[in-house]
Each structure stands twice: as C-alpha cells, then as structure tokens.
Amino acid sequence: MTSAIHTEKLTKDYGAGRGIFALDLEVSEGEVFGFLGPNGAGKTTTIKLLMGLTHATHGSATVFGLDADREAVAVKHRVGYVPGELPQFGGWRGSEIVAYIAGLRGDIDDAEVEAIAKRLDLDLGRKYREYSHGNKQKLALLLAFTPKPALLILDEPTSGLDPLHQQEFYRLVRDARTRGATIFISSHVLSEVEQICDRVGIVREGHLATVGTLDELTGIRAHRVRIEFADAPPAERLRSLNGFEGLAIDGRQVTGLYRGSFDELLGAIAGARVATLESREPTLEEVFLSYYSGATK
Amino acid sequence: MTLFRLALRSHRTGAIATAVIGGFAGFINSVAYVSVAGTTHAERLVFAHEMALVGQQLSYLLPRPVQLDTIGGYLTWRAFSVVAIIYAVWAMLAATGAGRGDEEKGLTEAWLTAGVARARWLGTRTAAFGVAAAASIVVTLAGTALGAAIANDPLALPAVSAELLPLLALTLWGFGVGLVVAQLVTTRRVASVTGGIVIVALFTLNSALRAGADPGALKWLSPFYLFDRSAPLLADGSVDVPATIAGLAVAAVLVALSVWAFGHRDVGGALIRGRAAADRQRRRPAADPLLRIPVLAGVDQQRGWILGWGIAMAVLGYFLSSLARTIVDGFKDIPAMQIYLQRAGIGGYADVVGVIWFSTALLLIAIFVVAQVNAWAADDAEGRLEMVLAAGASRARIVLERIAALLVAAGVVAVVSSVGVYLAGKAFDIPVPADRLALATALVLPVVFALGAIGHALVGWRPRLAVLLVAAVAVISYFTQEFAPLFGWPDWVGRTSFFVLYGTPMTSIDWGGAATLMAIGIAGTGLALASMRRRDVGS
C-alpha cells in the first residue's frame, strides 16, 4: 500500500520547547488515522506543515509523494481541510463563501454542496456572522467534504457540533473511506477516535509518543470509575480485578482508572448494594500519564 | 483598572497616529508661516491682506481668516481647522471600534460574561478614549509650540494650552456620534460610513455658515461651529466657555444615549431590529458568477464599499471643481497668488481642477489603498488566507490577484470620481478637456500600484506594522508635495513623494514620474511575492 502521508524528522521549532520535533509518520492510502494529543501538543502545527501553510525548520513531509512545502498547490488540490480555528467571513453569506471557494478549487459540484448541506442541516442563505459556532463548523466540513478529495485533513472537526451532527460527521467520514479516501483527523477526544479510526498516533509535548492500532494500544482505553456503596465495598474482589489502576477505597467510596472489561467489574460488585456508579471518559492527559507510568513500571 | 488599561491600549495606535499627524501639521505650519509671511510687520500685513482674499474664496473649507499678520491667527485659520477634522474623524472611528468593532471580535462578550456591566464597559472605553485624546492633543499643541519657537515667533504658553479644551470637546463629540451610530447598526464598517456621513453633514452645515448662509439655530448642532467660536491663539482671543461646555455636554449626552441603547439591545444586534423573514433555507452556492472569476471575485466581495468610495469622491470632486472659477478669478488680483499659481502651473480653470482636485483625490485614493492593506493583514489574522490557500490557490496567485483587484477597484473609484469632476465642469462652464481628464484619471493607477505593492510587501513581512507604515508613506508623500515647493527643498526630496511623481497631468504629464511609480510597483510586487513565499500562515 502506498503512503498518503509520509514525514521524516519533520520539525517546526517555535522555541521554548513549542512546536513539533523529529516527527516520523506514515499514513497509508485509504486509512483513517487519528492524531491524538492534549491541547498544545503539536497537532495543529503538524497539520499546518502538511498543508504547506508553515515551513518546516528541519525534515520533510510528502502527501501522495508530493512535497508538502514545494508542491503545496498540487497537494491541496487533492486535500479537503478543516482548520482548527475557524476563519471569519463577516457579512458574507454561506452560499457566497461556497461559491468563492468553489471558484478557487474548480472541483466543487453544486449538487454535492446541496446534498451535504442537507445532511448537515446547514442554511447557506444566512450571513456568516449570524452562524453559531456549530454552523460555522458545518460550513468548514461542507467545504472539506464536497470536492470528494483523496485526503481529508481535519483539525478537531467535531468541535462545536451537537451529538446529532457529530453522528452525521462520522457517517460522512465512513462514506469518504468507502470511496477510498484517506482521513487524517486530529482530536483530543479519545471516544471520537475510537469511533472512526484504524490507527492512532499520540503526540505529546511536540514528540510522537506512539503509533498503533487501537487494539495494539489497549492501554489507552480506560474509564474513570467512581462507585458509592450503601454498605462496605467488596474490597478484595475489586483488588483482584485486572486493569484497575490507582484503585482507592475510602470508606464506602471506590475510585480508580479502569481498563478492563465492564462485565468483570459488574461481576466483582454483584451482590453489594451500590448507591451510585459513575463512569466517565478520562482526559487524554490522564490516560496518557497513566498509560506511560504503567509502561515504565 | 485592568479594563481601563486595556481600553487605553486599544486607542494607542490611533492616539499615536493623530499625535504624529497633528504635531507635524502644527510644527510645519508654524515654521511655514514665518517662511512665507516674512518677519517684518509690513511684510506680514501684505501677506495677511492677500491671504484674507484667498480665505474668502476657501470659506467652504476653512474658517474666516482673522489676524493673519500674526502666527496665532494663521495657525487658527490654516492648521487647527484641519487638525480639528482629523480629530473628529479619528474619534468617530475609535468609537465605532469600541461600540461595534470589539463586539465583532468577541471582546465585548468576553468582558460582559466576566461580570463587567454594560454601562461600565462603555463608560471605561469612553474615559480611556478621553485620556488618549487629551494626550494626543497635548502632543499636537507641543509640536505647534515647538515649531513657532524654532521659527523665532514663540506662542504664549497659556494660549496654546487653552486650545486643548475646545479641541477635546470636538473630539469627544465625534466619539459620541460614533458610539451612538454603533448602537444602531450591526457592523463596524456600516457604523464608520454612517458616522462619516454625519460628520460631513455637520461640517457642511458649518461651511454654509462660514460662506455667509444663515442656517439659524441649526448651526448649534455643528460641533465645528462650536469649535470655531474659540480662538485662544488670536491676540485678543479666548476660549468660548459656553460653546465649549455645550460641546462637552452634547458629547456626554451622546455617550449616555449610547449606554442606554447598549443596555436595551442584544449583544451583536442593533437597537432596532426587524423580525427575521421566514424564508426557505438555501442549500446551493450563490449564483453570482463573478465570485468564481479570479480578480473579479476580490472586487465583487467589496462592491458596496467600492461604490460608496466612488460616489463620495464624485460628490467631493463635483464640489471642489465647482470652486475652480471662483478660485482663479479671486486669485487674479493678488500678486503673490499669481506667483503661486504660476509656480503651481495653474493658468486656467482646468489647471485648478488638476492641482486642487487631483491632489485631494490622490490622498483619498491613498486612504483607500491603506484600507485594502488593512484588509489583507486581517485576512491572515482572521483565518481567511488559510482557507484560500487550503483551497489550492498559490501564494503567488494571491499576491497578484490582490494587487490586480486593488487596481480594478481603485480604477472604478477614480473613474466614478472623475465623472463628478466632468459634470461639475459642464454645470459651471469650466472647460475640462475630457481626454486630459481621462489620462489624469488613468495615471492615478501607477500611484495605487506602487503604494499597494509596497503595502503587500509589508503585509508579508510584518502584518501588524504594514498599515501604519504604508499610511506613513502616504502621509509623508502628501506633506512633501505640499511643503517641498514652499520651503524650496531640493528637487530629489520632492521626487520621493508618490504625489509629486504623479505630478499635474491636467497641465503636463510627467512620464518619468509615472515610470518611476511603475518601477516601484514592480519592485514592491517582487518583494511581496518573496515575503509571501517565505512566511508562515496562521501561526
């Protein structure tokens, strides 16, 4: 399989440890690749380098074999892009923005615009400044998906979308994948990446920490669990569970980061009187710290 | 205090710019007076007599000349009348920024959600502007006093200081107008245009009064009338306290009205807002074909803005051209002015149009270019450049398209304004040769090309500084054109001005100047291409 994205020692050094450093990355054609990292990790910097918007300090990046910097125009004709920070188009109507970008690209079909606008429930007749954040995001998605590009580079694309339209976005990604497109998606939401990605790269403090399939990175799947028991908790059974990190039993309350099967957890507390059971997705930083502290033990 | 400091900071650039322009204007006019009026009392009496005759012809633009045999009288007539307009316009623009621009950027919302009351928000912005304006005016007055001292004709310090209050009252009045208008519309641009129309209307009201018409009690509406009533630099002059207090009181009322309106409207909305029409949702791209055509797309995006500039300049062109006959006939009997007209190459009515109108038109077109440079800088800061690049446009294409679109837009503005001049010629029986007018209009484009290309090179290098620097090039060009002949500066100094390089094509065409401007434009475009290629976008 050929590479859609290939980087070698790609570095953008803003000084003071900010930027991305010596990034070696390979994304295959037809793959959905999740680029995970906490805020400020270097995700957007990497994307801007891939898009030829910023120049690398060292190293190189190619997209479909084209140099992302020197052949940026040719690259962008094969790419659909959602920026991390939405632009301001002031008093323009959505329909005018689409017409303008269509004029620049030359490969946007009006019928496709109509279809995607309908799927995202986006009114192009309104002025951009009147759009909510979610509608601005939908317009950015529409502009990225409409040309049916070979590669989609999406920087935190679900930001501002309501759950209903997040699902529609996932369907758009699956459709694009079905027709053979490659998707490079940055996110700091683990569950989003789990939904759609084949492989994941985790970046932290400007360095690529790891790359693998979700199955290979089993450690990154975790839940922050808090159980309040009506009586004394079944401490021994809980301690015997695999994957309960940082298990803390404080009176009737049990907390910890759980990576194991929920069947086993429910089995362990069966018979005990549970007052409250909470399970939430941990922040990426929590997962990351836990994952790597575990790996170095 | 944090809010006040930030508010003060937001007026910093405007305050510095007006202080530099005002201080320079005051300084140069002080020095110029001694140079052109002479040093003996007899010389100055002759000068005053001649200028008084000139002044009567220009009463639409300047106040009636009084005591032109003294530096104080001259500065009141020639310098502070113009400085007053600059401060009023700046204040209006600053207010539309505070009242609407910050809202567009989301700053107002951020402060309000942080617990700042609406009244406090606008009150603090107004107070900060008052401090910034006062500081700027002090610099202007200091520049004026310094110029007079250097010219060995020092001004009395109390008299110069007294000029602060009427000028501040007028400035705060301009701020009040801008703030009120900002409550009634939804964008800063519309607020600025509307505020500009209000200021021009009230200036014209005072102009009519200066020219001898009696608008009755209406005159009290014009802050320029209130300002004219104070003349502390005259020998027996003073500050008109009731007029100054009235100016300050109107400013306070306008600010209070704005605070009330801000309290009664939605953030992001206008005070009076119609209900949204229940129209069908639109799902397809706009049908406007121009949006898909290179260069024309850039022009089409700002069609209203371009047309507005063109019409405003056409009206001004009509008005100034209509004065051509009066000016030439009025100057004929003044020996010194005959020499001046001769030096300026003015022999007939059409020459006046060439000199007076086209120097004004060039200044306005230069402001138009500065506004475009500002828009280019904003394209990057607001993420539009990133989107355009992501759509597959090359960096070189963006530079070339922008400059081409600027030339087309400026061409439209210049042509529309020249139509106004041509119509004035027809209406007032001033023979304006159409072919010369067309050529003079076309030769505006090399000036636009040079200024725009330099502006773009600067945008690629330092976007935040670009607007200030290109505005400085335009202002220095204008003043060099004005003062180089007055002070007998060497020819090469004059040739550094873009306006001097344009020359007076209604009288004689400076092809060398036009070629130089083209060369500057080509070099600037090359630099713009290089700087755009090298820069990081959106970081």
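Thresholds, definitions, all that
Residues numbered from 1 in each chain as written. Chains lettered and ligands numbered in written order. Predicted model: local features only at pLDDT ≥ 70, side-chain atom pairs only at ≥ 80, totals over all residues. Heavy atoms only, no water. Pairing = 2+ DSSP bridges. Helix = DSSP H or I, 4+ residues; strand = E, 2+ residues; numbered from the N terminus. Contact = heavy atoms within 4.5 Å. Buried area = accessible area lost by both parts, 1.4 Å probe. Salt bridge = Lys/Arg side-chain N within 4 Å of Asp/Glu carboxyl O. Polar contact = N/O pair within 3.5 Å; in protein donor to acceptor, adjacent residues only side chain to side chain. 1 Å grid on protein atoms, 1.4 Å probe; cavity = no way out; pocket = protein on both sides within 12 Å on 5 of 7 lines; lining within 4 Å. Points joined across faces, edges and corners; volume = space filled by probe spheres on them. Nonpolar A, V, L, I, M, F, W, Y, C, P; charged D, E, K, R; others polar.

Visitor: Give me the pairing of strand β13 (residues 253-258) of chain A: which residues, what numbers.
Guide: Residues and elements named next belong to chain A. Here 6 bridges tie strand β11 (residues 223-229) to β13, and the two strands are oriented antiparallel to one another. From the neighbouring strand, Arg-224 faces β13, where its bridge partner is Leu-257. Inspection of the sheet shows strand β12 (residues 244-250) paired to β13 by 5 bridges, in the antiparallel sense. Along β13, the bridge assignment pairs Phe-244 with Tyr-258. Here β12 hands over to β13 after 2 residues, with Gly-251 in that stretch at a positive phi of 65 degrees.

Visitor: Can you break down the interface of chain B and chain A residue by residue, with the values?
Guide: Contact residues are listed per partner, giving 34 residues for chain B and 42 residues for chain A. Contact between chain B and chain A buries roughly 3500 Å² in total, counting both sides, with carbon and sulfur atoms accounting for 56%. Where chain B touches chain A, the interface holds 7 salt bridges. Linking A:Lys48 and B:Glu386 is a salt bridge whose minimum nitrogen-to-oxygen distance equals 3.0 Å. Run the count over chain B and chain A and you get 20 residue pairs in polar contact (both at pLDDT 80 or more). For the side of chain B that touches chain A, the elements supplying multiple residues, two or more each, are α12 (296-301), α17 (384-390), α18 (395-427) and α24 (511-534) of chain B. Here the side of chain B that touches chain A takes 6 residues from α17(B), the largest share from any one element.

Visitor: An account of empty space enclosed by the protein is needed here, citing residue identities and associated values.
Guide: Rolled over the atoms, a probe as big as a water molecule pinpoints where empty space is left. Enumeration over the complete set of coordinates arrives at 6 cavities of 30 Å³ or more. Estimated volume of the largest cavity: approximately 80 Å³. Forming the boundary of the largest cavity are A:Tyr81, A:Ile101, A:Arg105, A:Leu143, A:Ala144, B:Met387, B:Ala390 and B:Ala391. At the level of secondary structure, the elements contributing two or more residues to the lining of the largest cavity comprise α3 (94-105) and α5 (133-145) of chain A together with α17 of chain B. Looking at the lining of the largest cavity, its residues break down into 7 nonpolar, no polar and 1 charged. Its volume calculated, the second largest cavity comes out at about 70 Å³. Forming the boundary of the second largest cavity are B:Pro166, B:Ala169, B:Leu170, B:Trp173, B:Pro223, B:Leu226, B:Phe227, B:Ala243, B:Thr244 and B:Gly247. When residues of the lining of the second largest cavity are traced back to their parent elements, those giving at least two are α8 (164-184), α10 (223-228) and α11 (241-264) of chain B. With 4 residues, α8(B) is the single largest residue contributor to the lining of the second largest cavity. For the lining of the second largest cavity, the residue count by class is 8 nonpolar, 2 polar and no charged.

Visitor: Any details on the layout of surface pockets? Residues and values, ideally.
Guide: All names here are of chain B. Taken as a whole, the second largest pocket holds about 360 Å³ of empty space. For the lining of the second largest pocket, the secondary structure elements donating two or more residues are α4 (71-105), α9 (188-210) and α10. The element best represented in the lining of the second largest pocket is α4, accounting for 5 residues. Of the residues contributing to the lining of the second largest pocket, the split by class is 10 nonpolar, 5 polar and 5 charged.

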